[in-house]
Amino acid sequence: MQASGATLSSSADSKAAVSDALLAWYDTHARRLPWRKLPGEERQHPYRVWLSEVMLQQTTVAVVGPYYARFLERWPRVEDLAAADDADVMAAWAGLGYYARARNLLACAREVARLGAFPSTEQGLRQLPGLGDYTAAAVAAIAFDQRAVVVDANVERVVARLFAIDTPLPAARPAIRVATDRITPDRRAGDFAQGMMDLGATICTVKAPRCLLCPLRPHCIGYGQGEPERLPVKAAKKPKPVRKGRAFWIERDGCVLLVRREGKGMLGGMRALPDDGWSARMDGQGAPMDTAWRSGGVVRHGFTHFDLELQLMLCGSPEIGSLPRELELGEWWPLSDIEAAGLPTVFAKAARLALAERQGREG
DNA sequence: GAGACGTGGGA
DNA sequence: TTCCCAAGTCT
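Residues numbered from 1 in each chain as written. Chains lettered and ligands numbered in written order. Predicted model: local features only at pLDDT ≥ 70, side-chain atom pairs only at ≥ 80, totals over all residues.

Details of the overall build of chain A
Then, number 1: Summing up its helical and strand segments, chain A has 14 helices and six strands in all.
Then, number 2: In terms of overall dimensions, chain A has C-alpha extents of about 80 × 45 × 35 Å along its principal axes.
Then, number 3: Residues classed as buried in chain A amount to 37% of the 363 residues present.
Then, number 4: Considering only intrachain contacts with a sequence separation of at least 6, the fraction spanning at least 24 residues in chain A is 68%. (Helix = DSSP H or I, 4+ residues; strand = E, 2+ residues; numbered from the N terminus. Buried ≥ 20, exposed ≤ 12 C-beta atoms within 10 Å, placed from the backbone. Contact = placed C-beta atoms within 7 Å.)

Quick notes on the protein's contact with DNA strand B
Then, number 1: Around DNA strand B sit 22 residues, and of these Gly-97, Tyr-99, Thr-304, Pro-344 and Thr-345 come closest.
Then, number 2: Breaking the surface near DNA strand B down by element, the ones donating at least two residues are helix 3 (61–74) and helix 14 (345–362). (Near = placed C-beta within 6 Å.)

Focus: the packing of helix 2 (residues 46–56) against helix 3
Then, number 1: Where helix 2 meets helix 3, the closest approach of the two axes is 10 Å, and the angle between their N-to-C directions is 145°. Where helix 2 crosses over helix 3, the handedness of that crossing is right-handed. The segment helix 2 lies against helix 3, with Arg-48, Leu-51, Ser-52, Met-55 and Leu-56 engaging Val-64, Tyr-67, Tyr-68, Phe-71 and Leu-72.
Then, number 2: Grouping the constituent residues of the contact of helix 2 with helix 3 by class yields eight nonpolar, one polar and one charged. (Axes fitted to C-alpha atoms, helices over the stretch in contact; angles between N-to-C directions. Left-handed = near helix turned anticlockwise from the far one by under 90°. Nonpolar A, V, L, I, M, F, W, Y, C, P; charged D, E, K, R; others polar.)

Section: the UniProt feature "domain: HhH-GPD" (unreviewed entry) in chain A
Then, number 1: Annotation from UniProt places "domain: HhH-GPD" (unreviewed entry) at residues 55–202.
Then, number 2: Helix makes up 66% of residues 55–202 and strand 0%. Its end C-alpha atoms lie 20 Å apart. (UniProt positions renumbered as here; feature names shortened; annotations may be inferred.)

Let's talk about the protein's contact with DNA strand C
Then, number 1: Around DNA strand C sit 28 residues, and of these Leu-56, Gln-57, Gly-132, Tyr-134 and Thr-135 come closest.
Then, number 2: Elements supplying a minimum of two residues to the surface near DNA strand C: helix 2, helix 8 (133–144), helix 9 (153–162) and helix 11 (189–202).
Then, number 3: The element that contributes the greatest number of residues to the surface near DNA strand C is helix 11, accounting for four residues.
Then, number 4: Considered class by class, the residues forming the surface near DNA strand C number eleven nonpolar, twelve polar and five charged.

Considering unusual backbone geometry
If a residue is not glycine, its phi is most likely negative; likewise, a peptide bond is most likely trans.
Then, number 1: For the bond running from Leu-169 to Pro-170, omega is 5°, close enough to zero to count as cis.
Then, number 2: Among the structural elements, Pro-170 can be located in the loop between helix 9 and helix 10 (173–183).
Then, number 3: Look at the link from Leu-231 to Pro-232: it is a cis peptide, with omega at -5°.
Then, number 4: Position of Pro-232 among the secondary structure elements: in the loop between helix 12 (221–225) and strand 1 (242–252).
Then, number 5: Phi at Tyr-98 is positive, roughly 45°, even though this residue is not glycine.
Then, number 6: Looking at the element boundaries, Tyr-98 is found in the loop between helix 5 (86–93) and helix 6 (100–115).

Thoughts on the packing of helix 2 against helix 8
Then, number 1: Two elements in contact, helix 2 and helix 8, have axes whose closest approach is 10 Å; the angle formed by their N-to-C orientations is 145°. The interaxial crossing formed by helix 2 with helix 8 has right-handed handedness. From helix 2, Pro-46, Val-49, Trp-50, Glu-53 and Val-54 reach across to helix 8, where they touch Thr-135, Ala-138, Val-139, Ile-142 and Ala-143.
Then, number 2: A breakdown of the residues in the contact of helix 2 with helix 8 according to their chemical character gives eight nonpolar, one polar and one charged.

As for helix 2
Residues lying three or four places apart along an α-helix face the same way, a consequence of the helix completing one turn every 3.6 residues.
Then, number 1: With eleven of eleven residues buried, helix 2 lies mostly within the body of the structure.
Then, number 2: Within helix 2, the full set of buried residues consists of Pro-46, Tyr-47, Arg-48, Val-49, Trp-50, Leu-51, Ser-52, Glu-53, Val-54, Met-55 and Leu-56.
Then, number 3: Just downstream of helix 2 lies Gln-58, where phi reads positive at about 60°.

Quick word on the pairing of strand 5 (residues 307–316)
Then, number 1: Sheet analysis places strand 1 next to strand 5, joined by ten bridges and oriented parallel. From the neighbouring strand, Val-242 faces strand 5, where its bridge partner is Asp-307.
Then, number 2: Note that strand 4 (residues 294–302) and strand 5 share seven bridges and pair antiparallel. Each bridged residue has a counterpart across the sheet, and for Ser-295 the counterpart in strand 5 is Met-313. (Pairing = 2+ DSSP bridges.)

A closer look at the environment of Gln-123
Then, number 1: With respect to the helices and strands, the residue Gln-123 is situated in helix 7 (residues 122–126).
Then, number 2: Overall, the presence of 11 C-beta atoms within 10 Å leaves Gln-123 in the exposed class.
Then, number 3: Distance in space between the C-alpha atoms of Gln-123 and Ala-136 is 7.5 Å, their sequence separation being 13 residues.

Considering the nonpolar core
Then, number 1: With 93 residues, the main nonpolar core has Val-139, Ala-141, Val-150, Ala-193, Trp-249, Leu-312 and Ala-350 as its most contacted residues.
Then, number 2: Each of two domains, domain 1 (14–230) and domain 2 (242–362), supplies a minimum of three residues to this core. (Core = buried A, V, L, I, M, F, W, Y, C linked by C-beta atoms within 7 Å. Domains from an automatic or database assignment.)

Concerning the domain arrangement of chain A
Then, number 1: Splitting chain A by domain gives domain 1 (14–230) and domain 2 (242–362).
Then, number 2: One C-alpha centre belongs to domain 1, the other to domain 2, and the line joining them spans 36 Å.
Then, number 3: Those elements that place two or more of their residues in the side of domain 1 that touches domain 2 are helix 5 and helix 6.
Then, number 4: Sort the elements by how many residues they give to the side of domain 1 that touches domain 2 and helix 5 lands first, with four residues.
Then, number 5: Among the residues making up the side of domain 1 that touches domain 2, the classes are represented as six nonpolar, one polar and two charged.

Focus on the pairing of strand 2 (residues 255–260)
Then, number 1: Inspection of the sheet shows strand 1 paired to strand 2 by two bridges, in the antiparallel sense. Note on strand 2: the bridge partner recorded for Arg-252 is Cys-255.
Then, number 2: If you look at the hairpin formed by strand 1 and strand 2, you'll find two residues sitting between the two strands, and Asp-253 has a positive phi there, around 50°.
Then, number 3: In terms of strand pairing, strand 2 meets strand 6 (residues 331–334) through four bridges, oriented antiparallel. The partner of Leu-258 across the bridge, within strand 6, is Glu-331.
Then, number 4: In the sheet, strand 2 pairs with strand 3 (residues 271–272) via two bridges, with the strands oriented antiparallel. Opposite Val-259, over in strand 3, you have Ala-272 as the bridge partner.

Set out below in structure tokens:
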């Protein structure tokens, strides 16, 4: 743990100075978000805090908004979510990405329903599926007013600049955590955490930080050194490989054949078009059946760790009994209601392409 | 520690 | 267009 020899100022009250400045700023500049407490409310409901925090993992506030509203409308309490069908929850999550979050969301809701309530301590929360260091600390602080050290990417950026920590990530994490602990107040830890995240999102931004508007500027070593936007230092990214595969659009009587992806891997638990195995850490292989396929065009889609060129293959009215065993378990989904299938984006793109091709042939 | 795991929006 | 990356977790 090495913070460039920088420490927060030597004055004994500097810790309170930073948290006081941050909290005062939060009191007047907090973003008004659907999952935040209403004025006068003592604290936020654990279910809503947890739901929003899981959705917000690696996902922007703007994208989460509509999903959060739909989930809360459909499953108002954690017990409602615990009782939901897996397929319904996965379909409702479609488009948000990182589908392990949805699988863990259900597992967590069922565990909480079994327990009778959310654990009220960071340690207890940390045991729940899908709650790592960040989310356990955030829920403990925001919903239960516990003092917890909440470190997300915003806090990492703010703190790296505040203390001028120039060790590259991820090696800087221990130092950043210690520094965050040092400035986290004993009271209002939830407001402090949300204030730090709001500051990171609106003032202490990745590029072109608005330092002249920042309440922490007098305390910020990175600002004092100039070029705070240089921090935190990150390791160079590896290039993404391009992977090729095929997906199969099998149509019959106004319906298309959808399968459910197995397991915990890529898009696991989601409805999908049958494919040739491209997602199994390799290029795709063969077709699911021997029939007259025609090309429906190419879908390009970027995943986190590879880019995909997906060749869409089409066939209409397969003969009865010609389907391979693994496809007999699929669902024949009405084309008129394809939106409700909850396809992950790559397959939603493929469906749009297939329907457009269909339009072209009929028109 | 490093890689798997999605997506849409902004510059 | 291309690149970066956002309230991370799990293995």
